[in-house]
Amino acid sequence: MAKILYEVKQNQNSFSAAFGKWYAQIKTLETLNTRRLAQHISEHGSIYTPDVVYGVLEKFRSCLLEMLLESKKVKIEGLGTFYCTLENQRQGAAKKEDFDVKKHLKALHIRFLPEQEQEQNISSREFLKKAEFVNAETWLNGKEKATPDPEPEP
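Rules behind the numbers
- Residues numbered from 1 in each chain as written.
- Predicted model: local features only at pLDDT ≥ 70, side-chain atom pairs only at ≥ 80, totals over all residues.
- Heavy atoms only, no water.
- Helix = DSSP H or I, 4+ residues; strand = E, 2+ residues; numbered from the N terminus.
- Buried < 20%, exposed > 50% of the residue type's maximum accessible area, 1.4 Å probe, protein only.
- Contact = heavy atoms within 4.5 Å.
- Pairing = 2+ DSSP bridges.
- Expected span 1.5 Å × (residues − 1).
- Arc of directions from axis to C-beta.

Q: Sorry if this is basic, but what is going on with unusual backbone geometry here?
A: If a residue is not glycine, its phi is most likely negative; likewise, a peptide bond is most likely trans. Unlike most non-glycine residues, S71 shows phi in positive territory, near 60°. Residue position: S71 is located in the loop between α2 (50-68) and β3 (74-76). The class for S71 is exposed, based on a relative accessible area of 75%.

Structure follows, in C-alpha cells:
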C-alpha cells in the first residue's frame, strides 16, 4: 500500500502564535516530470508506449492552458476541476470606471478543486481518510536497516 511520508518540524517563526510548536509536514521523495509520469503510466499494463502517453499529456497541458485562458473551467472526471482566479492589488479602484487591469490586478492564478462526487471523492477530508501516514525518519531508518551491508572487499 502507498504511504504518505511526513516529517515533524518545529515552527521557527517567532512572529507566529504557534512559535515553538511541532507540526507534520509532507516529505517529498521526488518530483516526476512529464516524461517520468508517462513512463510510469505506460508500465501499468498500458498498450501505449511512453512516447504516446507523453504526447497525450503534453497535448492535455497545452489545451488545458488554452481553455483556462478562454475563461473556461476544465473538469477531469475522477480527478477534479481546474479554473482561474484573479488576485487584486490591496488598494482597489475608488470607482468602477477607474478600474484598470494593468494597475489593479496583481496576478492570475490556476486553481484546482478535487473531485467531490461520492464515488470518486478526493476532497481533503476524504483523501485524509484514505491515506496511510508514516513518519519519514522512522521509515528511512527502517530502510537503512533493511539494506544489507555490502560485502567487504578481499
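Q: Hey, could you run me through the environment of G20 in this one?
A: Within the fold, G20 resides in the loop between β1 (4-10) and β2 (22-26). For G20, a relative accessible area of 26% puts it in the partly exposed group. Among residues more than four places away in sequence, those in contact with G20 are Q10 and N11.

Q: Sorry, what's going on with the pairing of β2 here?
A: Judged by how many residues are buried, β2 sits mostly at the surface: 0 of 5 residues are covered. Where β1 meets β2, 5 bridges bridge the pair, whose relative direction is antiparallel. Bridging from a neighbouring strand, K9 pairs with Y23 of β2.

Q: What is the right way to read α2 from this model?
A: In this model α2 runs 27 Å from its N-terminal to its C-terminal C-alpha over 19 residues, within 8% of the 27 Å that 1.5 Å per residue would give. When we look at burial in α2, the residues that qualify are V53, L64 and L68. For α2, the angular spread of buried residues about the axis comes to 30°, placing them on one side. Within α2, the exposed residues directed more than 90 degrees away from the buried face are D51 and K59. Those residues of α2 that are buried are in contact with α1 (34-42), β3, β4 (80-88) and β5 (105-114).

Taken by themselves, the reported measurements are silent on function.
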